[in-house]
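# Architecture and fold: a report
Each chain, letter by letter, is given below.
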Amino acid sequence: LTAAMLADGSWRDTTFKPYNFDAEGTVPACGVEHTLLKVRTEFRRVLFEMGFAEMPTSRFVESCFWNFDALFQPQSHPARDAHDTFFVSKPGVARHVPEDYCERVKTVHQTGGYGSRGYGTVWERSEADKLILRTHTTAVSSRMLYELANQEGGFTPKKYFSIDRVFRNETLDATHLAEFHQVEGVVADYGLGLADLIGTIRDFFRRIGITNLRFKPAYNPYTEPSMEVFGYHPDLKCWTEIGNSGIFRPEMLAPMGLPEGVRVIAWGLSLERPTMIKYRYSNIRDLFGHKVQV
Ligand SMILES: COC[C@@H]1[C@H](c2ccc(C#Cc3ccccc3)cc2)[C@@H]2CN(C(=O)Nc3ccc(OC4CC4)cc3)C[C@@H](O)[C@@H](O)CN12
C-alpha cells in the first residue's frame, strides 16, 4: 500500500496479503542499555554461572526488624538514626513479623543465648516495627534465610544473591548519593568457614577481572569475623577497596531456627563503583540523568 495507490484509488482493486498479527515487531534502531545495567547484567551472569539464585528485591520499604534486629544489630546502633536512615511515616508500622521468632530475637538482644551474652539492653518492639527504606540488601538476605530455615521439609543448603537499590541518608558528594545498588552473595551450608568465604570471593572477583586480592580484618554488627576486601584493579593500576564480607553471627542465625552446624558466609559490593571505574565516570551524578554517556 503506497501513497500513490491511496491518491489514485488503485488500492480498491488490489489484493493485499492478510495481516500477520503474530509477527514480531522490528527492533527499534535506538536506545541502549544503561551502563549501570550493563554491569548488573554481567554480575548477574557471573553469579548465575556460580550457581547462585536471585533473591526477590522489590521491597524497598522494610521494617527495622528485618533490616536491623534480625541481623543482631543493636537498637542503640548509630546506623539506626535518622541521620543515616530514611524513615517512612506512612504507613507507620510494619504489618507482620513472626511472633515466636520476634520473641527469640528480643531474648538474644536482651540476655543473649547460643553462647552469647547479648547486649544487656531493653529491646523495644516499637523500634523493630518502624518502617524505613532498606539500608542494605542484607535485609532481603535475613528474610530469605528465615524462610530457608522454616521451609517445608526443613533447611537445605542454598546460594543466593541480590543486586538492587539501597538507601542511606548520606551527605551527597562526587562518589556518594543517597542511594546505591548493593550486590550481595550469600552461601548457607553445613560446616562453612573463612576458607570457603575467601575462596568464594576469589572466584567471584576472578570472574570479573580482579585476581590479586587482599583481605583485611573489619567489623560488622552482624558478621564475625568480618573482612574488607581489597583488589589490585587492572584499570586503576592500584589497590582499591572492592567490597566487604563476613560470616553471619550465631545470634542472627540461631533465632531463625537454622539447624546446628549451619554456617552462612556473605559478601557485598556496589554496582556504582565498578561502573564508574569501567566507564571512567569521575562524578557519580554522571551515572544518572540526561547526560549519561553510553
Ligand atoms: C556505604 O558504602 C558502601 C559501599 C559499597 C558496599 C560496601 C559494603 C557492602 C557489604 C556487605 C556485606 C558484608 C557482610 C555480609 C553481607 C554483606 C556492600 C556495598 C561499596 C563497596 N565498594 C565497592 O563496591 N568497590 C568496588 C567494587 C568493585 C570494583 O571493581 C570491580 C571488580 C571489577 C571496584 C570497586 C568499596 C568502596 O567503593 C566503598 O567506599 C563503598 N562501598
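Data block above holds the structure.
Read on for a plain summary of the structure. (Residues numbered from 1 in each chain as written. Predicted model: local features only at pLDDT ≥ 70, side-chain atom pairs only at ≥ 80, totals over all residues. Heavy atoms only, no water.)

## Section: the overall build of the protein
Broken down by element type, the protein carries nine helices and nine strands. For 294 residues, the compact-globule estimate of 2.2 N^0.38 gives 19 Å, and the C-alpha radius of gyration of the protein, at 24 Å, exceeds that figure by more than 25%. Each principal axis of the C-alpha distribution contributes one length, and for the protein these read about 90 × 50 × 40 Å. Relative to its full complement of 294 residues, the protein shows a buried share of 43%. For the protein, long-range pairs separated by at least 24 residues make up 69% of all intrachain contacts whose partners lie at least 6 apart in sequence. By element, 54% of the accessible surface of the protein is carried by carbon and sulfur atoms, the whole surface being about 15900 Å². (Helix = DSSP H or I, 4+ residues; strand = E, 2+ residues; numbered from the N terminus. Rg over C-alpha atoms; globule rule 2.2 N^0.38 Å. Buried < 20%, exposed > 50% of the residue type's maximum accessible area, 1.4 Å probe, protein only. Contact = heavy atoms within 4.5 Å. Areas by Shrake-Rupley, 256 points an atom, 1.4 Å probe, with all protein chains shown as cover.)

## Observations regarding a negative patch on the surface
A grouping of Asp81, Asp84, Glu170 and Asp173 is seen on the molecular surface, where their side chains present a negatively charged patch. Of note, Asp84 is situated in the loop between helix 3 (64-67) and helix 4 (99-110). (Patch = residues over 30% accessible without salt bridge, like charges linked within 9 Å, V, L, I, M, F, W, Y side chains within 5 Å. Salt bridge = Lys/Arg side-chain N within 4 Å of Asp/Glu carboxyl O. Lys, Arg positive; Asp, Glu negative; His and termini not counted. Charge placed at Lys NZ, Arg CZ, Asp CG, Glu CD.)

## Some words on the nonpolar core
Ranked by size, the top nonpolar core spans 31 residues in total, and within it Phe43, Leu47, Phe204, Phe205 and Trp267 carry the most contacts. The set of elements that each furnish at least two residues to this core consists of helix 2 (35-49), strand 4 (158-167), strand 5 (179-190), helix 7 (194-207), strand 7 (223-233), strand 8 (238-248) and strand 9 (262-270). In terms of residue count, the dominant contributor to this core is helix 2 (five residues). Core analysis: the next-biggest nonpolar cluster, separate from the first, contains 30 residues, Ala70, Tyr101, Val140 and Tyr146 among them. (Core = buried A, V, L, I, M, F, W, Y, C linked by side-chain atoms within 4.5 Å.)

## What to know about the site of the ligand
Inspection of the region around the ligand gives 24 residues, with Arg168, Glu241, Ile242, Ser270 and Arg273 positioned closest. With respect to the ligand, the side chain of His233 contributes an N or O atom lying 3.5 Å from an oxygen atom. Between the ligand and Ser270, the relevant distance is 2.8 Å, taken from an oxygen atom to a main-chain nitrogen or oxygen of the residue. Class assignment for the residues of the shell around the ligand results in ten nonpolar, nine polar and five charged. (Near = heavy atom within 4 Å. Polar contact = N/O pair within 3.5 Å; in protein donor to acceptor, adjacent residues only side chain to side chain. Nonpolar A, V, L, I, M, F, W, Y, C, P; charged D, E, K, R; others polar.)

## Here's the deal with the packing of aromatic side chains
One pass over the structure, following the stated rule, counts 16 aromatic pairs. When the ring of Phe204 is compared with that of Trp267, the centres are 5.5 Å apart and the planes differ by 55 degrees; the resulting orientation is tilted. Here Phe204, found in helix 7, pairs with Trp267, found in strand 9; they are 63 residues apart in sequence, far enough to count as distant. Exposure remark for Phe204: the relative accessible area of 0% places this residue in the buried category. For Trp267, a relative accessible area of 4% corresponds to the buried category. Linked through ring pairs, Phe43, Phe52, Phe204, Phe205 and Trp267 together constitute an aromatic cluster. Positioned over the ring face of Trp239 is Arg214, at 3.8 Å from the centre of the ring. (Phe/Tyr/Trp six-rings, centres within 6.5 Å; stacked < 30°, edge-to-face > 60°. Lys NZ or Arg CZ within 6 Å of the ring centre and 35° of its normal.)

## Focus on the pairing of strand 6 (residues 213-220)
Across seven bridges, the pairing between strand 6 and strand 7 is antiparallel. Each bridged residue has a counterpart across the sheet, and for Lys216 the counterpart in strand 7 is Glu228. (Pairing = 2+ DSSP bridges.)

## What to know about the pattern of salt bridges
For the structure on display, the rule yields 16 salt bridges. Between Glu62 and Arg143 there is a salt bridge, with the nearest N and O atoms lying 2.8 Å from each other. Here Arg143 lies in helix 6 (residues 138-149) and Glu62 lies in strand 2 (residues 61-63), a separation of 81 residues in the sequence. Put simply, Asp164 and Arg134 hold a salt bridge, and the shortest N to O gap is 3.7 Å. Separated by 30 residues along the polypeptide, Asp164 in strand 4 and Arg134 in the loop between strand 3 (131-133) and helix 6 bring together distant segments of the chain. Just as Asp164 is buried, Arg134 falls in that class too. It is possible to trace a salt-bridge network through shared partners that takes in Arg45, Glu49, Asp203, Arg206 and Arg207.

## Quick word on the side chain of Glu251
As for its placement among the helices and strands, Glu251 is situated in helix 8 (residues 250-253). The class for Glu251 is buried, based on a relative accessible area of 9%. Separated by 2.8 Å, the side chains of Glu251 and Ser116 make a polar contact. Side-chain polar atoms of Glu251 contact the side chain of Arg249, separated by 3.2 Å.

## Topic: the pairing of strand 7
Linking strand 6 to strand 7, which pair antiparallel, is a turn of two residues. As defined by bridge partners, strand 7 adjoins strand 8 across nine bridges and the pair is classed as antiparallel. Within the sheet, the bridge partner assigned to Thr223 lies in strand 8 and is Phe248. From the end of strand 7 to the start of strand 8, which pair antiparallel, there are four residues, and Lys237 there has a positive phi angle of about 55 degrees.

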